[in-house]
Amino acid sequence: MEKTVELSCHCGNIRLSAQGAPEFLVSCNCSLCRRYAALWGRYRADEVQVIGEDTDTRRYRCGDEFLEFFACPRCHGVTHYRNTEKLDDAIISLNFRMAEPKSIDTIQVKRFDGADTWTFLD
Ligand SMILES: [Zn+2]
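Everything in this summary refers to the structure shown in the same document. Owing to the predicted nature of the structure, the values given are computational and were not obtained by experimental measurement.

## Let's talk about the pairing of strand 8 (residues 78-83)
And then number 1: In this structure, strand 7 (residues 67-71) lies alongside strand 8, joined through five bridges in antiparallel fashion. In the strand pairing of strand 8, alanine 71 is matched with valine 78.
And then number 2: Linking strand 7 back to strand 8 in an antiparallel pair, the connection comprises six residues, with histidine 76 at a positive phi of about 70°.
And then number 3: When strand 8 meets strand 9 (residues 91-95), the two strands line up antiparallel, connected through three bridges. Paired with arginine 82 across the strands is isoleucine 92, a residue of strand 9.

Structure below.
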């Protein structure tokens, strides 16, 4: 069994736990992710438990509404996003800025050019 990864927003309203660390984290420069300054770690939806999503989140869909972003209404931390019903695969990406810094020290960060070419830059 892989080690459980725990994340939470600043005030603790939204808590996420996932099975094992992702292979890498994604820093994306698209118009939304650069504003959130998030570091995304991707999972299948069934690999992650989210506490507080139904009752304690604000949600944002932009553009074609393929993705839905979740944030805490109290401390405003952006915690995760999910593929919407418009996509077939149930994927959730967690914002690893919500993890303890030491727990992500050893995970590689890859820069993704979501603003333009949709390829990794490194
Ligand atoms: Zn919060």
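Now that the structure is up, let's keep going.
## Examining the nonpolar core
And then number 1: Residues Leu7, Leu16, Val48, Leu94 and Phe96 are the most contacted members of the largest nonpolar core, which totals 25 residues.
And then number 2: For this core, the secondary-structure elements that each account for two or more residues are strand 1 (4-8), strand 2 (15-19), strand 3 (24-28), strand 5 (48-51), strand 7, strand 8 and strand 9.
And then number 3: Element by element, the count of residues in this core is highest for strand 7, at three residues.
And then number 4: Excluding residues within four positions of it along the chain, leucine 94 makes contact with Leu7, Leu16, Ala18, Gly41, Tyr43, Val48 and His80.

## A short note on the environment of tyrosine 36
And then number 1: The topology assignment puts tyrosine 36 in helix 1 (residues 33-36).
And then number 2: Classification of tyrosine 36 as partly exposed rests on a count of 18 C-beta atoms within 10 Å.
And then number 3: Sequence separation between tyrosine 36 and valine 78 is 42 residues; the distance between their C-alpha atoms is 7.0 Å.

## Digging into unusual backbone geometry
Most peptide bonds adopt trans geometry, and most residues besides glycine take a negative phi value.
And then number 1: Notably, glutamate 65 is not glycine yet its phi reads approximately 60°, a positive angle.
And then number 2: With respect to the helices, strands and loops of the structure, glutamate 65 is situated in the loop between strand 6 (58-61) and strand 7.

## Quick notes on the environment of cysteine 28
And then number 1: If you trace the backbone, cysteine 28 turns up in strand 3.
And then number 2: Cysteine 28 gets classed as buried once you count the C-beta atoms within 10 Å, which come to 21.
And then number 3: C-alpha of cysteine 28 to C-alpha of arginine 111: the two residues are 83 residues apart in sequence and 5.9 Å apart in space.
And then number 4: Beyond its immediate sequence surroundings of up to four residues, cysteine 28 is in contact with Cys33, Trp40, Phe112 and Gly114.

Rules used throughout
Residue numbering note: each chain is counted from 1, following its sequence as written. Reporting in this predicted model follows two pLDDT cut-offs: at least 70 for local features of residues, and 80 or more for side-chain atom pairs to be given and counted; totals over whole chains, interfaces and linings ignore these cut-offs and use all residues. Two strands pair if DSSP finds at least two bridges between them. Only DSSP runs of H or I covering at least 4 residues are called helices, and only runs of E covering at least 2 are called strands; the numbering of each starts at the N terminus. A set of buried Ala, Val, Leu, Ile, Met, Phe, Trp, Tyr and Cys residues, joined to one another through C-beta atoms within 7 Å, is what we call a nonpolar core. Partly exposed residues are those whose C-beta has more than 12 but fewer than 20 other C-beta atoms within 10 Å; with 20 or more the residue is buried, with 12 or fewer it is exposed, and the C-beta atoms are placed from the backbone. What counts as a contact here is a pair of residues whose C-beta atoms, placed from the backbone, lie within 7 Å.

Just distances and angles here, no functional claims.
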